[in-house]
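One letter stands for each residue in the lines below.
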Amino acid sequence: MSPGRYLVTLALFALGAMAVPAHAATIQIVMENMVISPAEASAKVGDTIEWVNKDILAHTATAKNGDFDVTIAPKKAARSVLTKAGTVDYYCRFHPNMKAVLTITP
Amino acid sequence: MFVRLSIAVAALGVLTSAALAQGAKLTDPQIAHIAYTAGVIDINAAKQAESKASNKDVKAFAKDMARDHEAVNKQALDLVKKLKVTPEDNDTSKALSKQAADKLAELGKLKGAAYDKAYIDNEVAYHKTVNTALETQLIPSASNPELKSLLQTGLKIFQGHEQHAEHVAAGMK
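Residues numbered from 1 in each chain as written. Chains lettered and ligands numbered in written order. Predicted model: local features only at pLDDT ≥ 70, side-chain atom pairs only at ≥ 80, totals over all residues.

## Observations concerning unusual backbone geometry
Right, so step 1: In this model, Ser-37 of chain A is joined to Pro-38 of chain A through a cis peptide bond whose omega is 0°.
Right, so step 2: Locating Pro-38 of chain A in the fold gives a position in the loop between β2 (35-37) and β3 (40-44).
Right, so step 3: Phi is positive for Asn-33 of chain A, close to 50°, though the residue is something other than glycine.
Right, so step 4: Note on placement: Asn-33 of chain A falls in the loop between β1 (26-32) and β2.
Right, so step 5: Overall, the presence of 14 C-beta atoms within 10 Å leaves Asn-33 of chain A in the partly exposed class.
Right, so step 6: The phi torsion at Lys-84 of chain B lies on the positive side, around 55°, for a residue other than glycine.
Right, so step 7: If you trace the backbone, Lys-84 of chain B turns up in the loop between α4 (56-83) and α5 (91-108). (Helix = DSSP H or I, 4+ residues; strand = E, 2+ residues; numbered from the N terminus. Buried ≥ 20, exposed ≤ 12 C-beta atoms within 10 Å, placed from the backbone.)

## Let's talk about the nonpolar core
Right, so step 1: If you look at the biggest cluster of nonpolar residues, it comprises 53 residues, and the most contacted ones within it are Ile-31, Ala-35, Ala-49, Val-58, Ala-62, Leu-138 and Leu-151 of chain B.
Right, so step 2: Counting residues per element, the ones that place at least two in this core are β1, β4 (48-53) and β9 (99-105) of chain A together with α3 (28-52), α4, α5, α6 (112-141) and α7 (145-171) of chain B.
Right, so step 3: Beyond its immediate stretch of four places on either side in the chain, Ala-62 of chain B contacts Ala-46, Ala-49, Glu-50 and Ala-53 of chain B. (Core = buried A, V, L, I, M, F, W, Y, C linked by C-beta atoms within 7 Å. Contact = placed C-beta atoms within 7 Å.)

## Here we look at the environment of Leu-110 of chain B
Residue and element names in this part refer to chain B.
Right, so step 1: Structurally, Leu-110 is set in the loop between α5 and α6.
Right, so step 2: Once the C-alpha coordinates of Leu-110 and Asn-44 are considered, the two residues, 66 residues apart in sequence, prove to be 16 Å apart.
Right, so step 3: Not counting chain neighbours up to four residues away, the residues in contact with Leu-110 comprise Tyr-115 and Ala-118.

## Structural notes on the pairing of β1 of chain A
All names here are of chain A.
Right, so step 1: Relative to β4, β1 runs parallel, the two being bridged by 6 bridges. Its bridge partner lying in β4, Val-30 is registered against Val-52.
Right, so step 2: The sheet contact formed by β1 and β2 spans 3 bridges and is antiparallel. Bridging from a neighbouring strand, Met-31 pairs with Ile-36 of β2.
Right, so step 3: Where β1 folds back onto β2 in an antiparallel hairpin, the turn is made up of 2 residues, including Asn-33, whose phi is positive at roughly 50°. (Pairing = 2+ DSSP bridges.)

## Remarks on the pairing of strand β8 (residues 86-91) of chain A
On any regular strand, side chains alternate: one points to one face of the sheet, the next to the other face.
Residues and elements named next belong to chain A.
Right, so step 1: As defined by bridge partners, strand β5 (residues 59-63) adjoins β8 across 2 bridges and the pair is classed as antiparallel. Counted as the bridge partner of Thr-62 is Tyr-91 from β8.
Right, so step 2: In this structure, β8 lies alongside β9, joined through 6 bridges in antiparallel fashion. Bridging from a neighbouring strand, Tyr-90 pairs with Ala-100 of β9.

## Concerning the environment of Ala-95 of chain B
Right, so step 1: Residue placement: Ala-95 of chain B occurs in helix α5.
Right, so step 2: For the pair formed by Ala-95 of chain B and Asn-44 of chain B, sequence separation is 51 residues and the distance between their alpha carbons is 16 Å.

## What to know about the packing of α4 of chain B against α7 of chain B
Residues and elements named next belong to chain B.
Right, so step 1: Across the interface, α4 lies against α7 with an axial gap of 11 Å and an inter-helix angle of 175°. In terms of orientation, α4 and α7 fall into the roughly antiparallel class. Here α4 contributes Asp-57, Val-58, Phe-61, Met-65, Asp-68, Val-72, Gln-75, Ala-76, Leu-79 and Leu-83 to the contact with α7, which in turn contributes Glu-146, Leu-147, Leu-150, Gly-154, Ile-157, His-161, His-164, Ala-165, Val-168 and Gly-171.
Right, so step 2: Residue composition of the contact of α4 with α7, grouped by class: 12 nonpolar, 5 polar and 3 charged. (Axes fitted to C-alpha atoms, helices over the stretch in contact; angles between N-to-C directions. Parallel < 35°, antiparallel > 145°, perpendicular 65-115°, else oblique. Nonpolar A, V, L, I, M, F, W, Y, C, P; charged D, E, K, R; others polar.)

## Concerning the interface of chain B and chain A
Right, so step 1: Between chain B and chain A, the contact holds 13 residues from the first and 9 residues from the second.
Right, so step 2: Elements with a contribution of two residues or more to the side of chain B that touches chain A: α4 and α7 of chain B.
Right, so step 3: The dominant element in the side of chain B that touches chain A, judged by the number of residues it contributes, is α7 of chain B, at 7 residues.
Right, so step 4: Of the residues that constitute the side of chain B that touches chain A, the class distribution is 3 nonpolar, 6 polar and 4 charged.

## Some thoughts on the sheet that holds β3 of chain A
Residue and element names in this part refer to chain A.
Right, so step 1: Taken together, 5 strands build an open sheet; the order of strands is β3-β9-β8-β5-β6 and the sheet is mixed. In this open sheet, the two edge strands, each paired with only one partner strand, are β3 and β6 (69-72). Taken over all neighbouring pairs, the strand axes of this sheet differ in orientation by 25° on average, direction set aside.

This is how it looks when you write it as structure tokens:
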């Protein structure tokens with residue numbers, strides 16, 4: 001391997017390592033037929049929640065304590081990174097009977 | 001089937017009962033027309049409520065109804081286009097529209113908290129009636145699987161609306 005290629009490889013490695021920290025996970029939460037599942041999920045600070053809306057309607061994931069408010073278009077997904085620990089009750093602003101809990105540990 | 005639906009709907013004691021009890025045997029073009037009409041009725045009621053309601057929960061509910069029923073009706077239109085089905089007007093749709101127009105006029109005369117309560121009570125009753133009709137008549141009668149599936153999706157959504165309406169109504173007492 002030439003020194004140039006070696007450097008490029010090293011640089012790519014470093015980039016990859018920065019983009020995906022080893023400890024962070026992506027957790028999927030699905031909204032389908034007006035139900036959020038799982039109704040109780042747990043994650044860690046730094047994890048990403050992928051909100052998947054399988055319905056033909058728009059939904060939101062709105063934290064009661066104001067920590068997050070994500071709008072998810074019909075048949076689309078949205079992502080949010082968790083920055084604060086706590087037990088967060090959240091609901092859909094458009095369909096307040098859709099409720100769930102997310103427990104975020106430090 | 002006809003008798004059972006009539007009893008179920010009559011038991012709810014709502015205005016639209018007569019409309020939905022008519023016509024035991026429905027074709028897909030008629031079912032599509034009834035489902036679409038039922039959506040339009042709730043959108044019109046929601047638009048009236050968006051301008052007339054004073055309670056903020058009632059106003060927000062009305063906004064949700066307009067948004068959701070417009071989304072469902074758009075799906076319905078896309079589906080009938082895809083299936084090359086022309087929705088067909090029928091006695092059930094006509095009776096539904098007539099009763100809805102009367103209800104809209106009746107609600108139009110009310111103001112303030114009296115309007116809010118009458119609107120939300122009607123939304124509870126209306127969604128109950130439509131959901132019963134979907135469950136016992138429209139879904140079982142639909143022959144095209146895609147139409148049946150859209151009606152089933154609609155039922156889940158409208159059951160959510162019924163609960164939401166009940167929740168708003170309970171909060172006003």
